[in-house]
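Tertiary structure, described
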Amino acid sequence: MPLYRDEAVVLRTHKLGEADRIITLLTRQHGRVRAVARGVRRTTSRFGSRLEPFTHVDLQLADGRNLDTITQAETLTPFASGLGADYERYTAGTVMLETAERLVTEEKDPATQHFLLLVGGLRAMMAGDKGPGQVLDSYLLRSLSVAGYAPSFDHCARCGVEGPHRWFNPSMGGMLCSTCRLPGSAGPAAATVELLGALLAGDWPVVAQADQRTRKEASGLVAAYLAWHVERGLRSLAYVER
Ligand SMILES: [Zn+2]
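Report follows, based on the coordinates. (Residues numbered from 1 in each chain as written. Predicted model: local features only at pLDDT ≥ 70, side-chain atom pairs only at ≥ 80, totals over all residues. Heavy atoms only, no water.)

C156 (SG), C159 (SG), C177 (SG) and C180 (SG) make up the full set of protein donors to the zinc ion, lying at 2.3 to 2.4 Å. Metal-centred angles of 101 to 114° between the four donor atoms at the zinc ion mark the site as tetrahedral. For the zinc ion, the donor residues sit on a single chain with the sequence spacing C-x2-C-x17-C-x2-C. Residue C159 is located in the loop between helix 4 (132-146) and strand 6 (167-169), and its partner C177 is located in the loop between strand 7 (174-176) and helix 5 (190-201); the two are separated by 18 residues in the primary sequence. For C159, a relative accessible area of 47% puts it in the partly exposed group. Residue C177 is classed as buried on the basis of its relative accessible area of 7%. (Donors = N, O, S within 2.8 Å, 3.2 Å for Na, K, Ca; no water. Tetrahedral: all angles 85-135°; square planar, octahedral: opposite > 155°, others 65-115°. Helix = DSSP H or I, 4+ residues; strand = E, 2+ residues; numbered from the N terminus. Buried < 20%, exposed > 50% of the residue type's maximum accessible area, 1.4 Å probe, protein only.)

Structure, rendered in C-alpha cells:
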C-alpha cells in the first residue's frame, strides 16, 4: 500500500472491533480523512494518547481501498491537555471540531484554509488571553465564510446598499436594510453589529472593548447563523454557556 504523510487535527474517534478505532481527521493537504488506528485501545498501544480528539499530529498513513490506516503518529500540539482543565474552553473547542467536520463534507478534498483556521482557533483557545466565546464566534464566522456562507454585517445582504443596517436575518446572509427587511428579522444593537464585523475580520482590539451584554447578543446571532447554514444545530453548542 502506498504511504503518505500529512499533519492533522483529530476531530473525532469511534470504536472499531476489539482494539481499534476509526479516527476522523482534518488534514492540511488531504482535507477530511477517516483512517483506522490498529490496536489503539490497548494500554500498550504505540500510539498512546496521540490520536485523541483535539490533538494536532504529524501522521504517516497507508492508502487503503476503503479506509486508510495510520502507521505512525507524532504529537505536534497537545491541544487536549491545554484545554482539558478549563470547561468553558474545552466545550467551545468541541464545537470547533464538530463544525469543522460538518463544513468539510468531502473526504480527501483539500481544505487547507479550514485546517489553518482550526489550528489557529485552537491555538487562540489554548493561549487563554481572549474570551473563549469570542474565539469560538470568530472561528465560526470565518469557517462559515470559507465554506461559502460569508455573512454580511456592513452592506445589506440582499440589495448591497452600504450600512450600517438594523435588521439581522440568518436566512438572507446577514444584515438587511429597512427596504429589504423581512418579517422575523432580529434588531440587534448597533454595538453588536459592530462586534460581529470585528469577529469576522479578527479585529481583536475592537472585540476586546465589547461589554458582556453585547458579546452575549452577538453569540446568539452567530449561533442562529450557524444553525441556519449547517441545517440542524450542532449538538455540542448546547453545552456552551452564552
Ligand atoms: Zn437592502
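All right, on to the packing of aromatic side chains then. Under the defined criterion, the tally for this structure stands at three aromatic pairs. Ring centres of F54 and Y90 lie 5.1 Å apart, and the angle between their planes is 55°; this geometry places the pair in the tilted category. Of this pair, F54 sits in the loop between strand 3 (32-37) and strand 4 (55-62) while Y90 is found in helix 2 (residues 87-103), placing the two residues 36 residues apart along the sequence. Exposure remark for F54: the relative accessible area of 1% places this residue in the buried category. A centroid spacing of 6.5 Å and a plane angle of 50° characterise the contact between F168 and Y225, whose relative ring orientation is tilted. Remark: Y225 occurs in helix 7 (residues 212-229) and F168 occurs in strand 6; sequence separation between them is 57 residues. You'll find F168 and Y225 in the same group, each marked buried. Grouping aromatic residues by their ring pairs yields a cluster made of F153, F168 and Y225. Over the face of the ring belonging to W167 we find R181, whose NZ or CZ atom lies 3.8 Å from the ring centre. (Phe/Tyr/Trp six-rings, centres within 6.5 Å; stacked < 30°, edge-to-face > 60°. Lys NZ or Arg CZ within 6 Å of the ring centre and 35° of its normal.)

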